[in-house]
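Commentary on secondary and tertiary structure
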Amino acid sequence: MTRSDALYKVLFAIEIALLPMVIFAYLYLPEWSMGLFIAGILLAKIWLELFKDKINFSHVIIDAVGSIVVFATLLIFFMVIDLINVALGVVTLVLIVIMNIFSILYFKKNLPEYVDAVDYCYILFECLTLIAFTFLTYYSLITDIGLFALIMTCAVSIIYKIYYAFKYTKLGNIFRRKK
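What counts, and where the lines are drawn
Residues numbered from 1 in each chain as written. Predicted model: local features only at pLDDT ≥ 70, side-chain atom pairs only at ≥ 80, totals over all residues. Heavy atoms only, no water. Helix = DSSP H or I, 4+ residues; strand = E, 2+ residues; numbered from the N terminus. Buried < 20%, exposed > 50% of the residue type's maximum accessible area, 1.4 Å probe, protein only. Contact = heavy atoms within 4.5 Å. Areas by Shrake-Rupley, 256 points an atom, 1.4 Å probe, with all protein chains shown as cover. Lys, Arg positive; Asp, Glu negative; His and termini not counted. Charge placed at Lys NZ, Arg CZ, Asp CG, Glu CD. Core = buried A, V, L, I, M, F, W, Y, C linked by side-chain atoms within 4.5 Å. Phe/Tyr/Trp six-rings, centres within 6.5 Å; stacked < 30°, edge-to-face > 60°. Salt bridge = Lys/Arg side-chain N within 4 Å of Asp/Glu carboxyl O.

Turning to the overall build of the protein, a few remarks are in order. For the protein, the count of helices and strands is 8 helices and 0 strands. The linear arrangement of helices and strands in the protein, starting from the amino end, is α-α-α-α-α-α-α-α. For the protein, buried positions account for 42% of its 179 residues. Pairs at least 24 apart in sequence give 74% of the contacts found in the protein among residues at least 6 apart. Accessible surface for the protein amounts to roughly 10300 Å². Of this, 72% is attributable to carbon and sulfur atoms. The positive charge centre, built from 14 side chains, and the negative charge centre, built from 12, are 18 Å apart in the protein.

Right under this line is the structure:
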């Protein structure tokens, strides 16, 4: 295990460890303190992206699990306390899970550059949505816009990856006519 690999795993642990602190801050601390812990999750996420090794499969899995766990916890929590619309939260969560499953399945696949660009936009919108979550108790429109941006980038990436599966893999051969 290299030094950056160990640092990556420590940052992942910090990101996950701050999730219960968000709920604790909402229940027992002043209203503004919840945003501090979400900002800590955001900082850990940014540092994770800086230290991520794109060719290391364990980093891809850790990134996918971290993204799913963070957004599942925060979205479910905010839906329970009625700060986010339930339908919007469920659709966002389902697309985030599918997007991260495809990122694991398409590891080491040569996808076109615009699909990689959409995946980088997804990472950017994850960070921007976490920024919006820090101010959610004060103003929720920014969070709705961030969730909509996540939905759009996930949908575009998923649609192209399904298209890629049908066009260039054996799965597509099942549905094509033989001449």
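This part is about the nonpolar core. As a rule of thumb, nonpolar side chains are buried together in soluble globular proteins. Ranked by internal contacts, the top residues of the largest apolar core, which has 40 residues, are Phe71, Leu74, Leu75, Phe78, Ile84, Leu130 and Phe133. Every element with two or more residues in this core is listed here: helix H2 (19-28), helix H3 (33-51), helix H4 (57-80), helix H5 (86-105), helix H6 (113-134) and helix H7 (141-168).

Tallied over the entire structure, the rule returns 10 aromatic pairs. Consider the rings of tyrosine 26 and phenylalanine 77, whose centres lie 5.4 Å apart with planes at 85 degrees: the pair is edge-to-face. Pair noted here: tyrosine 26 is in helix H2 and phenylalanine 77 is in helix H4, with a separation of 51 residues, a long-range link. Here the aromatic cluster, defined as three or more aromatic residues joined through ring pairs, consists of Tyr26, Phe71, Phe77, Phe78 and Phe133.

As a further point, take the pattern of salt bridges. Taken as a whole and assessed by the stated rule, the structure comprises 5 salt bridges. A salt bridge links aspartate 63 to lysine 45; the shortest N-O distance between them is 3.6 Å. Residue aspartate 63 is found in helix H4, and its partner lysine 45 is found in helix H3; the two are separated by 18 residues along the sequence. Note on aspartate 63: relative accessible area 14%, which makes it buried. Judged by relative accessible area, lysine 45 falls into the buried class, the value being 2%.

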